[in-house]
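Remarks on the overall topology
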Amino acid sequence: MRLFVLLIVLLSTPLFAQEKPGDIIIDVGQAAVKKSLMAFPPPQYIGTQKTNAAHIQVGQNLYRVIVNDLTVSNFFTFIKPEAFLEDTNKVGMRPAPGDPNGFKFDSWKTIGAEFLVRSSYSVVGNDLSFEVYVYHVPTTRVVLSKNYKGATSSYRRMAHTFANDLVKALTGKRGMFISKITASRQTPGDPVKEIYLMDWDGAAEQKITTHQSIALSPTWSTTGDKIAYTAFAFHKAQKMRNSDLFFFEIATGKRWLVSYRKGLNSGAAFFPGDKNFILTLSKDGSADLFRATADGQTVTPLTKGPNRAMNVEAAISPDGKQVAFSSDRSGRPMIYLMNADGSNVRRLTLAGKYNASPAWSPDGKTLAFAGQDKGHFDIFTMNTDGSNLKRLTDATKPNGKPANNESPSWSPDGRNIVFTSDRTGNLQLYIVSPDGTNERRITEDKHNWDKPKWSPFLD
Amino acid sequence: MTDSFSRAIWISVLGHGIVVTLIFLRAVVMPVEPFEIKNAIRVDIVGLPEKAAEFPTEPAKPVAKPEVKEVKPVPPTPKPEVKADVPTVPDKTKKKDLSKSQQKAMEKLKAMSALEKIKQDLKREKDAKAETSKVVKGNQVSEGDSPTGMERLDFDRYLSEVRATVAQHNSVPQWLADGGYRTIIRVFIDERGFIVKKVIEGPSGNEVFDAKAIEAVEASSPLPPPPQRLRARAASIGLLFRFPQ
């Protein structure tokens, strides 16, 4: 009874007890958002071999990766070194007067810096040590102080880890800088497509298939330990190729055949926990979605037509309860949603001529997809009931014609979407914020990249 | 001529007979292909939206001035005898750009304001009498002190201007934007509109967010001078500002 009374009292207490009856309240509304000015001098080399060019290079690489990460976070604008009032090579990493040779906060306040990063590194043999302090200048407080150690070859991971730590320290949320992207790559003129892994920024490419065939549509497991993909493998007995589904375990490099039924075995999407997945099979004629056990042996149909319609590209919601997919059951490919057991199918997109490649945001509130209405594809987002449709891309090719922007996939923190675009001629990978701003190219080569998928958090 | 004509007729009849016989035989002997009827297919071809030219980062601008026609509070209908005594109010604030209906509404409001004044005078007299007679009224509902009529218009206009002024100076860093923070600040304003004191009554839990809200308030001083009736309250009790809302 006491508990009940206490509950009633708690529930009846206003959320903001400081608001008194009769108070005149003014709701100021949403604030304008702006980037913070950051002063980030390059890390000081404190090694003993001052003239070692390789060591200097490591520091420059480390700095370049961090600056790129922090730029893409969209939190900061960097102050040019010419504006600095202190010689950062001559003052210490800690503030005066605690450190007699330390920097002065006033020097940074004067130029409007909100954050100051002071860092140093040393290389001993093959070991890299990176010490860094991040100060919030207006409050003269340390936001982050860390010392990272590792092999010199791991400088990229060290840089990404620091960027993640800073995002976490400021926002309380995880950063996406240690995540990776997988995509299929093809060299123009060569029909062979292979699957690659790369860091989120397009660096550190790693080839994970050597089928010398067409390998495509890679997908991450929800735990990020393996990748499912489809390859046109040669079946010796039948003397023919078939689009079979493979799993690849990243840590061990182990690969195994999961589904090789006649026809399509493609478009895998994992349920949370990776105990089950959905794939597209065409063993019965038309392409339909099936739920499979982890070994791929047992499959249960989720869609069937109607009228031999195609049902493909399953995307499972983060909670595993719903499945978005594309289907041409209404005449043209459109995005549909159904329950995980195949029930309650409803159409989400009514606009456009061709909508495909649905992708869930990590919070499960938004779907991105590629849509076409005027002869080219663009990336769109919408709520999961089909409302609030927004176009994120509208780039053109050098000849002035609209470019195709396709195959969206969300970063694990939901702050970016990777997609392919042929705006430069070849299919390259780009990222964009979910509001359509901050578009950036992340691959710069002559290959064609297709069907990128962003990993879950990998740290 | 006749023979050749009748021969042609016979040939024609024979030919038609053969064609009809063939059609008949085909219908009887050869199987009919099934005619499949499918459901109608709905095809929607609707244009997808264009990319927004600019994505809003600024706070929504408040309505600068509430329109006269939107004023809803209507005081109780005055008694006929009082109505007869309503003095005509000279229309000093008449603007040329007001539409006819707005003008009428303004006149009505002014008339009601005058009525209120009379009512208040009557009430004061009544209260004075009551004070002298020392009668305790007891369980009666207060008539309240909410502004009405022209006073309400001034009041709303003032709050709207204050909100717009503070919103202009309200900005937060991007890294705080998605934090879901909320701060409440009580602000004391003197009769000239200068902010004389501010107190964080509902801290957000984030020092920087609170500081940004305080900065926005400080940068907004001086605010527009409060209306006459609000002056004492703005200076002694203050106004509550909610960031963001």
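1. A look at the overall build of chain A
Scanning chain A from terminus to terminus reveals four helices and 32 strands. Every one of the 459 residues in chain A was classed for burial, and the buried ones make up 52%. Expressed as a percentage of contacts within chain A between residues at least 6 apart in sequence, the contacts between residues at least 24 apart total 42%. Within the structure as shown, chain A displays about 20,600 Å² of accessible surface, and the carbon and sulfur contribution to it stands at 53%.

2. Focus: the confidence of the model for chain A
Per-chain confidence: chain A averages 91 in pLDDT, with 95% of residues scoring 70 or above. Taken as a whole, residues 3-17 of chain A scores under 50 in pLDDT and shows three contacts with residues more than four places along the chain or in a different chain.

3. Let's talk about the pattern of salt bridges
The tally for this structure, following the rule as stated, stands at 27 salt bridges over all chains. Salt-bridge contacts for Glu207(B) lead to Arg141(A); the nearest nitrogen and oxygen are separated by 2.5 Å. With Glu207(B) in helix H6 (residues 207-219) and Arg141(A) in strand E8 (residues 141-151), this residue pair bridges two chains. Classification of Arg141(A) as partly exposed rests on a relative accessible area of 47%. Across the pair Arg157(B) and Asp154(B) runs a salt bridge, and its minimum N-O distance is 3.2 Å. Highlighted residues: Arg157(B) and Asp154(B), both in helix H4 (residues 149-168), separated by three residues, approximately one helical turn. You can call Arg157(B) partly exposed: its relative accessible area is 27%. Among the residues examined, Asp154(B) registers a relative accessible area of 37% and is labelled partly exposed. Among the charged side chains, a salt-bridge network with shared partners connects Asp373(A), Lys374(A), Asp378(A), Arg391(A) and Glu50(B).

4. Quick word on the sheet that holds strand E2 (residues 183-189) of chain B
Spatially, E1(A)-E4(B)-E2(B)-E3(B) is the arrangement adopted by the four strands of the open sheet, whose pairing is mixed. Strands at the two margins of the open sheet, each flanked by one partner only, are strand E1 (25-27) of chain A together with strand E3 (195-202) of chain B. In this sheet, neighbouring strand axes are inclined to one another by 25 degrees on average, regardless of whether the strands run parallel or antiparallel. Summarising the sheet, E1(A) and strand E4 (residues 239-243) of chain B pair through three bridges and their orientation is parallel. Directly across from Asp27(A), in E4(B), lies its bridge partner Arg242(B). Here H6(B) sits on the sheet and contacts E2, E3 and E4 of chain B; the angle it forms with E2(B), its principal contact strand, is near 25 degrees.

5. Quick word on the packing of helix H2 (residues 53-72) of chain A against helix H4 (residues 155-171) of chain A
All names here are of chain A. Two numbers describe how H2 lies on H4: the axes approach to 9 Å, and their chain directions differ by 35 degrees. Judged by the twist between their axes, the crossing of H2 over H4 is right-handed. When H2 is examined against H4, the residues Asn61, Leu62, Arg64, Val65, Ile66, Asp69 and Leu70 are found in contact with a partner set consisting of Tyr155, Arg156, Met158, Ala159, His160, Phe162, Ala163 and Leu166. By residue class, the composition of the contact of H2 with H4 is ten nonpolar, two polar and three charged.

6. Remarks on the interface of chain B and chain A
If you look at the interface, chain B gives 47 residues, while chain A gives 54 residues. For the pair chain B and chain A, the summed buried surface comes to about 4,700 Å²; carbon and sulfur atoms form 54% of the total. When the buried area of chain B at its contact with chain A is split by residue, Leu48(B), Lys51(B) and Trp175(B) rank highest and sum to 18% of it. The interface formed by chain B and chain A contains six salt bridges. With a closest N to O distance of 2.6 Å, Arg242(B) and Asp27(A) form a salt bridge. Every element with two or more residues in the side of chain B that touches chain A is listed here: H4, strand E1 (171-173), helix H5 (174-177), E2, E3, H6, helix H7 (228-236) and E4 of chain B. No other element matches the six residues that H4(B) contributes to the side of chain B that touches chain A.

7. Details of the packing of aromatic side chains
Residue and element names in this part refer to chain A. Scanning the model with the defined rule gives 25 aromatic pairs over all chains in all. When the ring of Phe76 is compared with that of Phe115, the centres are 5.7 Å apart and the planes differ by 85 degrees; the resulting orientation is edge-to-face. Here Phe76 is found in strand E5 (residues 76-78), whereas its partner Phe115 is found in strand E6 (residues 115-124), with 39 residues between them in sequence. Residue classification places Phe76 among the buried residues on the basis of a relative accessible area of 3%. Aromatic side chains Phe103 and Phe105 sit 5.1 Å apart centroid to centroid with 80 degrees between the ring planes, which places their arrangement in the edge-to-face category. Take Phe103 and Phe105: they sit in the same class, and that class is buried.

8. Considering the environment of Ala403(A)
Examined against the element boundaries, Ala403(A) turns out to sit in the loop between strand E27 (390-391) and strand E28 (405-410). In this structure, Ala403(A) is in contact with His376(A), Phe377(A), Asp378(A), Ala395(A), Thr396(A), Lys397(A), Ser421(A), Asp422(A) and Arg423(A), ignoring residues within four places of it in sequence.

9. Re a nonpolar patch on the surface
A cluster of nonpolar side chains, Leu14(B), Ile18(B), Leu22(B), Phe24(B), Leu25(B), Val28(B), Val29(B) and Met30(B), forms an exposed patch at the surface whose accessible area comes to about 850 Å². Look at Leu14(B) and you get exposed, because its relative accessible area is 57%.

10. As for the pairing of strand E29 (residues 417-421) of chain A
As a general feature of sheets, a regular strand has side chains that alternate between the two faces. Residues and elements named next belong to chain A. Among the five residues of E29, five are classified as buried, and the element is accordingly described as predominantly covered. Of the two faces of E29, the one lined by Ile417, Phe419 and Ser421 and the one lined by Val418 and Thr420 are each fully buried. Hairpin remark: E28 followed by E29, antiparallel, with six residues in the connecting loop; positive phi at Gly414, about 75 degrees. The sheet contact formed by E29 and strand E30 (residues 428-432) spans five bridges and is antiparallel. Paired with Thr420 across the bridge in E30 is Leu429.

11. Comments concerning the side chain of Arg391(A)
By the secondary structure assignment, Arg391(A) is in strand E27. Look at Arg391(A) and you get buried, because its relative accessible area is 4%. From its side chain, Arg391(A) meets the backbone oxygen of Leu48(B) in a polar contact 3.4 Å long. Looking at Arg391(A), its side chain comes within polar contact range of the main-chain oxygen of Pro49(B), at 2.5 Å. Setting aside residues no more than four positions away along its own chain, Arg391(A) makes contact with Asp373(A), His376(A), Asp378(A), Ile379(A), Phe380(A), Leu48(B), Pro49(B), Glu50(B), Lys51(B) and Ala52(B).

Conventions we followed
- Residues numbered from 1 in each chain as written.
- Chains lettered and ligands numbered in written order.
- Predicted model: local features only at pLDDT ≥ 70, side-chain atom pairs only at ≥ 80, totals over all residues.
- Heavy atoms only, no water.
- Helix = DSSP H or I, 4+ residues; strand = E, 2+ residues; numbered from the N terminus.
- Buried < 20%, exposed > 50% of the residue type's maximum accessible area, 1.4 Å probe, protein only.
- Contact = heavy atoms within 4.5 Å.
- Areas by Shrake-Rupley, 256 points an atom, 1.4 Å probe, with all protein chains shown as cover.
- pLDDT = per-residue confidence, 0-100.
- Salt bridge = Lys/Arg side-chain N within 4 Å of Asp/Glu carboxyl O.
- Pairing = 2+ DSSP bridges.
- Axes fitted to C-alpha atoms, helices over the stretch in contact; angles between N-to-C directions.
- Left-handed = near helix turned anticlockwise from the far one by under 90°.
- Nonpolar A, V, L, I, M, F, W, Y, C, P; charged D, E, K, R; others polar.
- Buried area = accessible area lost by both parts, 1.4 Å probe.
- Phe/Tyr/Trp six-rings, centres within 6.5 Å; stacked < 30°, edge-to-face > 60°.
- Patch = residues over 30% accessible without salt bridge, like charges linked within 9 Å, V, L, I, M, F, W, Y side chains within 5 Å.
- Polar contact = N/O pair within 3.5 Å; in protein donor to acceptor, adjacent residues only side chain to side chain.

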